[in-house]
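What follows is the residue order along each chain.
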Amino acid sequence: MKNIDSYTHTRGESIYLDDIPVLYGTLYAACFDSPVAHGKLINIDTTAAAACDGVFRVLTYKDIIGENQIGGIIQDEPLFADHEVHFCGMPIALVLAETGEAARHALKKIKVEIEPLPVITNPREAAAKGELIVPPRTFKIGDSAAVFADCDYVFNGCCDTNGQEHLYIETQGAYAVPLENGAIKIYSSTQGPTAVQRAVSKVTGLPMHNIEIDVTRLGGGFGGKEDQANIWAAMCALATQITRRPVKYSLTRMEDMRMTGKRHPYSSDFKIGLSKELKILAFETTIFQNAGAAADLSPAVLERSLFHCTNTYFIPNVTATAYSCRTHLPPNTAFRGFGGPQGMFVIEAAIAKAADELGIDAWQIQQKNLLQSGDELPYGQKVVSEANECWNKAFDLYDMESIKKNVDDFNAKHSLHKKGIAVMPICFGISFTNTLMNQARALVHVYTDGSVVVSTGAVEMGQGVNTKIAQVVAQTFAINPAMIKVNSTNTYRIANTSPSAASATADLNGKATLIACTAIADRLKSIAATELNVSVNDITLKDECVFLNGNKTELGWNKLVLAAYNKRISLSEHGHYATPDIYFDKKTEKGHPFAYHVYGTAITEVTVDCLRGIYEIDSVKLVHDFGSSMNPLIDLGQIEGGLVQGIGWMTMEEIVYDVNGQLKSNALSTYKVPDIYSAPKDIRIEFLQTQKDNLAIFRSKAVGEPPLMYGIGAFFALRNAIKNFNSAVKPLFDSPMTPEKMLMNLYGNASAFREINAIQAAAH
Ligand code: LUZ
Ligand code: MOS
């Protein structure tokens, strides 16, 4: 089935937040944010701003009616700075004006007096000073310390991954509208309508039932709107509460890049022990997460890094410890993969290090340690593995032997261009790691003309979830998708939603939809049995008709629906789904947190111009474990998008904060994201079609996040190309591999780049 949004998308008619027609009297908001990363806030002077043309009012923390608090997991994040600022970009005041231009003009007239305090931007420095968001956590299986003594080879090292800007095409924003009796309706560009409702409730002091959140769709989320949409919605709601006027705030790109958190940068140490046969016997890692100035989702992200610290390998002895470190950067947040990619980079770096030292290809080690069904992960879950199936199929189908031979031949012939290859196998756990979040609801109404409307907690953000929801309805009722409308996500129709996140949205909301539709379909079948005077067991719904023992009857869908209505049978249902069989005990750090795992293997080939340091991703050829895809076109789109986003994170996207915590890469002129020219020249995607029973909707495995991690292969392929140019170089495990860093690696000693960076940072 074609994406139900493709018609309006291609015509530019799809409605995003900024397309909602504004009501008469709407005020436009703009936020004044801290120019300093850390300091005492002595004074805020808004008088000149308030006097500007078109300005209606300026709000600060003093105007908050409820609590000045928007922290989710931990209550450590004020909406507006009160006595201290903790990061550059921290909201301090909100200007409300008749136009957006007037509001932004007035921002320049706000004066703040801030007494600077010391700034920390490095997570290791924060940890050394005891600046932790939560106590460290350790996942442990076996006894790594003891086993290292028995290993034939032991290697250690360290690695770094940088942050990543979400760069959703639609920036953050909200539009609040006053309703009667003090209630407020908020249109929000959020992945988590209930999270917004809770934050607004706290800041306004209104009970949740007086706050309606409505989301038609987002122009991208990628995790950036899982929690951080709350801020702008809370600001607009507060402004509406105070002024009783509609208030809209749609951020400019630079406001968005400056004020919102990003993917967490990580810095990690590792130690890996292997046998002569290349079995990984022991692995230890200590990871330092750069959380930024407040918790946001960092503790949950940290947890997912630990869950993925052995990627798709069976390692019998593992000790992994993770620190969430408080720094003076904007609070970092969810980003596709949610700490999983950062955890997986560490084990891949450890394997590459071992391969370097042993003078072999990393894939010889990778292949020998792939998970088999029944293997236990460090957190106690035993897996149903497709790791070897994906790997073997990729090596056969794409003929790894000849890929390698072609690369070797090329490298022998060329001295200034070198190719490199890497294999990136993945294993990603599906479910929110916080078990309670794995629940969802759906509301289905069948109207007397036979048309159907469905509402769920799922937020459409371009990933195609609404199309999948419509497919569930169409399949269960056996009706044409044109008869189905997927309604906006609204907290009055669906309460207590989990955010659309963790790749689990179609699974959770699809299952709730299936439950609701099945209940209605069962009632309709009973009616049909009565009408036809037969047993209900002989009835099926097919082709918009009632079938009796496989034969079409005269009783069509519309007639059946009307018959049920005439008999006063409910044509509506509210379905509730909670993932069965999952649990996790944080005391022992053991359990079965994931409904299932998604596997895959990608082979990446790159060519480096060794004179200039620039490079091309020649191809990424992968085999992906889709289960039984319910929508191959949508799923292919997710694989391509995730892959390219992952490559961007690993190669060209470079977030730069200076030592004062100022974001230097604060616009698209200074922050480079992949475009069509930097995407792989050739992407091949092969389905590993499996019919195994799993908890996915229609056995169609979750596809949102897993493919991002194929992008990690690009880093290691580039690294291998460097070694093919200059075998004396041992490039650092320091992502992203920008062309600049590539050039330094090709010619320098490997640490020259770091030294230059340190000199540059000091000069800022
Ligand atoms: N969000 C969340 C997520 O709250 N919990 C998770 O486990 C998760 N995983 C991936 C992406 N978002
Ligand atoms: Mo996400 S990182 O699934 O919001």
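Residues numbered from 1 in each chain as written. Chains lettered and ligands numbered in written order. Predicted model: local features only at pLDDT ≥ 70, side-chain atom pairs only at ≥ 80, totals over all residues. Heavy atoms only, no water.

Student: Tell me about the site of ligand 1, residues and numbers included.
Tutor: Taken together, Glu-226, Arg-304, Phe-338, Phe-432, Thr-433, Met-437, Ala-501, Ala-502 and Glu-705 form the complete shell of residues around ligand 1. The backbone of Ala-502 places a nitrogen or oxygen atom 3.3 Å from a nitrogen atom of ligand 1. Compared with its free state, where it exposes 290 Å², ligand 1 has 97% of that area covered by protein. In terms of residue class, the shell around ligand 1 is made up of 5 nonpolar, 1 polar and 3 charged. (Near = heavy atom within 4 Å. Polar contact = N/O pair within 3.5 Å; in protein donor to acceptor, adjacent residues only side chain to side chain. Areas by Shrake-Rupley, 256 points an atom, 1.4 Å probe, with all protein chains shown as cover. Nonpolar A, V, L, I, M, F, W, Y, C, P; charged D, E, K, R; others polar.)

Student: Outline the pairing of strand E9 (residues 173-178), listing residues and values.
Tutor: Burial within E9 is extensive, with 5 of its 6 residues counted as buried. The pairing of E9 with strand E12 (residues 247-250) spans 4 bridges and is antiparallel. Its bridge partner being in E12, Ala-176 is matched across the sheet by Val-247. Here E9 pairs with strand E10 (residues 184-188) via 5 bridges, running antiparallel. Within E10, the position partnered with Val-177 by the bridge is Lys-185. (Buried < 20%, exposed > 50% of the residue type's maximum accessible area, 1.4 Å probe, protein only. Helix = DSSP H or I, 4+ residues; strand = E, 2+ residues; numbered from the N terminus. Pairing = 2+ DSSP bridges.)

Student: Give me the sheet that holds strand E21 (residues 539-542): which residues, what numbers.
Tutor: Pairing in this open sheet of 3 strands is antiparallel, and the strands run E21-E22-E23 from one edge to the other. Looking at the sheet topology across the chains shown, the edges are occupied by E21 and strand E23 (551-556). Each neighbouring strand pair of the sheet contributes to a mean axis angle of 40°, computed without reference to strand direction. Relative to strand E22 (residues 545-548), E21 runs antiparallel, the two sharing 4 bridges. The residue of E22 that forms the bridge with Leu-541 is Val-546. In the packing of helix H15 (residues 505-532) onto the sheet, contacts are made with E21, E22 and E23, and the angle to E21 comes to roughly 120°. (Axes fitted to C-alpha atoms, helices over the stretch in contact; angles between N-to-C directions. Contact = heavy atoms within 4.5 Å.)

Student: I'd love a proper account of the pattern of salt bridges, names of residues and values included.
Tutor: Summed over the entire model, instances satisfying the criterion amount to 37 salt bridges. Salt bridges sharing common partners tie together Arg-137, Glu-303, Lys-586 and Glu-589. (Salt bridge = Lys/Arg side-chain N within 4 Å of Asp/Glu carboxyl O.)

Student: Quick one: what's the story with the sheet that holds strand E4 (residues 84-85), residue by residue and with numbers?
Tutor: Here 3 strands make up an open sheet; going across it, the order is E4-E2-E6 and the pairing antiparallel. Looking at the sheet topology across the chains shown, the edges are occupied by E4 and strand E6 (111-116). Taken together, the 6 bridges between strand E2 (residues 39-45) and E6 define a ladder with antiparallel strand orientation. In the sheet register, Gly-39 faces E6, and the bridge partner there is Pro-116.

Student: Help me get a handle on the environment of Gly-340, residues and values and all.
Tutor: Relative to the assigned elements, Gly-340 resides in helix H10 (residues 340-358). Apart from the residues lying within four places of it in its own chain, the contact partners of Gly-340 are Arg-304, Ser-305, His-308, Phe-428 and Met-709.

Student: Which residues make up the packing of helix H6 (residues 193-204) against helix H7 (residues 230-243), and what values go with them?
Tutor: The interhelical angle for the contact between H6 and H7, taken along N-to-C directions, is 45°, at an axis separation of 9 Å. When the axes of H6 and H7 are compared, the pair comes out oblique. At the point where H6 passes H7, the crossing takes the right-handed sense. On H7, the residues that touch Ala-195, Val-196, Ala-199, Val-200, Val-203 and Thr-204 of H6 are Asn-230, Ala-233, Ala-234, Ala-237, Leu-238 and Gln-241. Its residues assigned to classes, the contact of H6 with H7 shows 9 nonpolar, 3 polar and no charged. (Parallel < 35°, antiparallel > 145°, perpendicular 65-115°, else oblique. Left-handed = near helix turned anticlockwise from the far one by under 90°.)

Student: Residue-level account of unusual backbone geometry, with values.
Tutor: Cis geometry is found at the peptide bond from Ser-735 to Pro-736, where omega equals 5°. Among the secondary structure elements, Pro-736 is positioned in the loop between strand E30 (733-734) and helix H19 (739-747). The phi dihedral of Phe-338 is positive, around 55°, even though this residue is not glycine. With respect to the secondary-structure elements, Phe-338 resides in the loop between strand E15 (317-326) and H10. Taking relative accessible area as the criterion, Phe-338 reaches 10% and is therefore assigned buried.

Student: Which residues make up the environment of Val-147, and what are the values?
Tutor: For Val-147, the location among the structural elements is in helix H5 (residues 144-148). Here Val-147 falls in the buried class, since its relative accessible area comes to 18%. On a C-alpha basis, the gap between Val-147 and Gly-273 in space is 8.1 Å, while along the polypeptide they are 126 residues apart. Beyond its immediate stretch of four places on either side in the chain, Val-147 contacts Leu-281, Ala-282 and Asn-317.

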